[in-house]
Each structure stands twice: as structure tokens, then as C-alpha cells.
Amino acid sequence: MEIRAATELPARREDIELHTADDLTLVGELAVPEGRAPVATLVTLHPLPTHGGFMDSHIYKKAANRLPALADLAVLRFNTRGTSSDRGISEGAFDGGEGERFDVAAALEYAEFHDLPRVWVVGWSFGTELTLKWAHDPLVEGAILLSPPLHRATDEDLDRWAEFGRPLTVLVPEFDDYLRPEEARARFSRVPQAEVIGVDGAKHLWVGEPYVRIVLDEIVKRVNPAAFPLPTEWSLE
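Here the structure is a predicted model, which is why all the values come from computation and not from measurement. (Residues numbered from 1 in each chain as written. Predicted model: local features only at pLDDT ≥ 70, side-chain atom pairs only at ≥ 80, totals over all residues. Heavy atoms only, no water.)

**Remarks on the pairing of strand β7 (residues 119–124)**
Selection rule: Summary of the burial criterion: residues with accessible area below 20% of their type's maximum are buried, those above 50% are exposed, and those between are partly exposed, where the area comes from a 1.4 Å probe applied to protein chains only. The secondary structure listing takes helices from DSSP runs of H or I that are at least 4 residues long and strands from runs of E that are at least 2 residues long, numbered from the N terminus. Two strands form a pair only when DSSP identifies at least two bridges running between them. Consider the strands pointing away from the viewer: the crossover is right-handed when the path from the first strand over the helix to the second runs clockwise.
Where burial is concerned, most of β7 is hidden: six out of the six residues are buried. A two-sided burial pattern is seen for β7, the buried positions comprising Val119, Val121 and Gly123 on one face and Trp120, Val122 and Trp124 on the other. Where strand β3 (residues 40–45) and β7 come together, five bridges link them in parallel fashion. Bridging across to β7, Leu45 finds its partner in Gly123. When β7 meets strand β8 (residues 140–146), the two strands line up parallel, connected through six bridges. If you follow Trp124 over to β8, its bridge partner there is Leu146. Handedness of the crossover joining β7 and β8 through helix α3 (residues 126–134) is recorded here as right-handed.

Written out as C-alpha cells, the structure reads:
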């Protein structure tokens, strides 16, 4: 069976709630491999909720649909404060990336409390800002950024990540609306351990199955290289 945009492969999926230090309940989902333990965990931070971003933004939905089966990864998705999806609405209100520090902390605390292994943070657009600003946690092994605008995240945040020392992979679309590969390489030069990868033909939202495959492959290459490259076919047996 060819893996297509809407393909949902076997996994154990559980609705979860995250509880923040400022007393909000956030809704989410955890997908883990079926019948075996995950080898690593993706904590995903979604694009800007005021512009349609949420836990079901397509890259993350497809990661949850495929990566537990194809790469033995746990995928944790959730709505940041004030964000809604089919799963429900998280309490609170959008706070421009500041109050969301508690949301990031709650997701990482959930991963730690539930003994999820080898946590990597994956941020997309607004989620990259949350990653750079608030994901400096000893639990985090590294981070992968998709389409970073570097609007809310400053050079000071980049310097903090450099000091944090964890690996940072930055996927930048050739035709991004906010930050393109050449400028991204200049901005991220402050982070010695950052690897900036320009993706030819891609745009900010990574629309199209070829770009989804590139993103998921690059994630797996860092987090579970034994599963790289991802297959494009799935056996029903």
C-alpha cells in the first residue's frame, strides 16, 4: 500500500490533558507505536493559532499518523492556550508567545512524568519561536525548526540556544514568506551547533506530499537514524 497524504498507520493513540503552572488545562494527543515502546519522542509546537495553526496542522497530523509505525517514535501534539481543534479547546487565551512558556513546560513535564524517552522538540513557524525561547530544558536532546520566522525569537534567544548546546536542525523553504535560506544561515550562524537546510521549491506551509516526506525524513534522520529513510509503501500483512 502506498503511503498517501491521508494514510493513517497503526498506532496507539490517546487523548491527553496537560496542566500548566498557571492553572490551565490544555488538550492534546499522544501517539505511540503499537505493541512496543517508542525509541524517542517528538514534542510538537504548532504554528500561529491566530493564523490557523493548531495541533492538527498537517505536518504534525501526518507525523502522528505515520511515525509511530514507520520510525518507532512517540508523537505528542497539543493545542497551546486558547487554541481549538477537533480534539477540543485549550483553556486560556493566546499570549503572543509569552504565557505559552507554561504550555511548553507542561508538555515537557508530561513527557518526563510518563517516562517518554529521548525527547526532541519540533517547532513550526510560531512553534519555532516557542522552541527557541522556552525549550531550554535538560530533558530535551535537540530541536528541529520548520519555517522559522525569527520574529519573536531574538538574537538573544539564539545565543541562549547556543549556550544550551543541544543540536538544532533548521529546515527553511526556498520560497518562505518570512525567512529564506541565505538569511537564515546568517541569522543562525550565532548557534555553532545549528544546521540550516534549505529546501528547494518549498513554501512556508510545506504544502504537497513531496515536501511532507522531506520534512518527516529529516526529522527521523536526526531522532532515529536507524529508520531513515522512511518507506513510501506499507505492508498490510
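**Some thoughts on the environment of Asp56**
Inclusion rule: Every residue pair with non-hydrogen atoms within 4.5 Å of one another is taken to be in contact.
As for its position among the elements, Asp56 is in the loop between β3 and α1 (58–71). For the pair formed by Asp56 and Val215, sequence separation is 159 residues and the distance between their alpha carbons is 16 Å. If we ignore the near neighbours within four places in the chain, the residues touching Asp56 are Lys61, Arg77, Ser85 and Asp86.

**Some words on the nonpolar core**
Quick note on the threshold: The criterion is simple. A nonpolar core is a set of buried Ala, Val, Leu, Ile, Met, Phe, Trp, Tyr and Cys residues joined through side-chain atoms within 4.5 Å.
Judged by nonpolar contacts, the single largest core of 41 residues is most densely connected at Leu18, Leu30, Leu76, Leu132, Trp161, Leu168 and Phe188. With six residues, the single largest contributor to this core is helix α2 (residues 100–113). Those residues in contact with Leu132 that sit more than four places away from it in its chain are Leu145, Leu150, Ala153, Asp157, Leu158, Trp161, Leu168 and Phe188.

**Structural notes on the side chain of His46**
The line we're drawing: Definition of a polar contact: a pair of N or O atoms within 3.5 Å, with one able to donate and the other able to accept a hydrogen when the atoms are protein atoms, and with sequence-neighbouring residues admitted only if both atoms are side-chain atoms.
Relative to the helices and strands, His46 resides in the loop between β3 and α1. At 3.1 Å, the side chain of His46 forms a polar contact with the backbone nitrogen of Thr80. Apart from the residues lying within four places of it in its own chain, the contact partners of His46 are Gly53, Phe54, Met55, Tyr60, Phe78, Asn79, Thr80, Thr83, Trp124, Phe126 and Gly127.

**So, the packing of aromatic side chains**
For clarity, the threshold we go by: Stacked, tilted and edge-to-face pairs are distinguished by plane angle, under 30 degrees for stacked and over 60 for edge-to-face with tilted covering the rest, among Phe, Tyr and Trp rings (Trp via its six-membered ring) whose centres lie within 6.5 Å.
Throughout the structure, instances matching the rule amount to three aromatic pairs. Aromatic pair Tyr60 and Trp124: ring centres 5.8 Å apart, planes at 85°, arrangement edge-to-face. A residue pair is termed long-range when its members are at least 10 positions apart, and Tyr60 in helix α1 and Trp124 in strand β7 qualify at 64 residues. Accessibility expressed as a relative area gives 2% for Tyr60, which makes it buried.

**Observations concerning the side chain of Asn65**
You can see Asn65 is positioned in helix α1. What makes Asn65 buried here is its relative accessible area of 7%. Setting aside residues up to four positions removed in sequence, Asn65 forms contacts with Thr7, Glu8, Leu9 and Arg13.

**Quick notes on the pairing of strand β4 (residues 73–78)**
Across a regular strand the side chains alternate sides, sitting on one face of the sheet and then on the other. Where burial is concerned, most of β4 is hidden: six out of the six residues are buried. Burial along β4 is two-sided: the residues Leu73, Val75 and Arg77 and Ala74, Leu76 and Phe78 are all buried. Bridge count between strand β2 (residues 25–32) and β4: four bridges; the pairing is antiparallel. If you follow Gly28 over to β4, its bridge partner there is Phe78. Alignment of β3 against β4, held across four bridges, turns out to be parallel. When the sheet's bridge partners are listed, Val43 is paired in β4 with Leu76.

**Some remarks on the packing of α3 against helix α4 (residues 155–164)**
The cut-off we apply is this: Between the N-to-C directions of two axes lies an angle of 0 to 180 degrees, each axis being a line fitted to C-alpha atoms and, for a helix, fitted only over the stretch in contact. Convention used here: angles under 35 degrees read as roughly parallel, angles over 145 as roughly antiparallel, angles from 65 to 115 as roughly perpendicular, and any remaining angle as oblique. The nonpolar class holds Ala, Val, Leu, Ile, Met, Phe, Trp, Tyr, Cys and Pro. Asp, Glu, Lys and Arg form the charged class, and all remaining residues, Gly among them, are polar.
Look at α3 against α4: their axes get within 8 Å of each other, and the N-to-C directions meet at 60°. Accordingly, the angle class assigned to the pair α3 and α4 is oblique. Packed against α3, whose contacting residues are Thr131, Leu132 and Lys133, the element α4 presents Asp157, Leu158, Arg160 and Trp161 at the interface. Considered class by class, the residues forming the contact of α3 with α4 number three nonpolar, one polar and three charged.

**Regarding the packing of α1 against helix α6 (residues 209–223)**
Our working definition: Note on convention: near helix rotated counterclockwise from far helix by under a right angle means a left-handed crossing. Clockwise means right-handed.
For the pair α1 and α6, interaxial distance at closest approach is 11 Å and the crossing angle is 55°. On the basis of the axis angle, α1 is oblique to α6. You can see that α1 and α6 cross each other, and the crossing is right-handed. Contact residues: α1 offers His58, Ile59, Lys62, Ala63, Arg66, Leu67 and Ala71, while α6 offers Glu209, Val212, Val215, Leu216 and Val220. Classifying every residue of the contact of α1 with α6 by side-chain character gives eight nonpolar, one polar and three charged.

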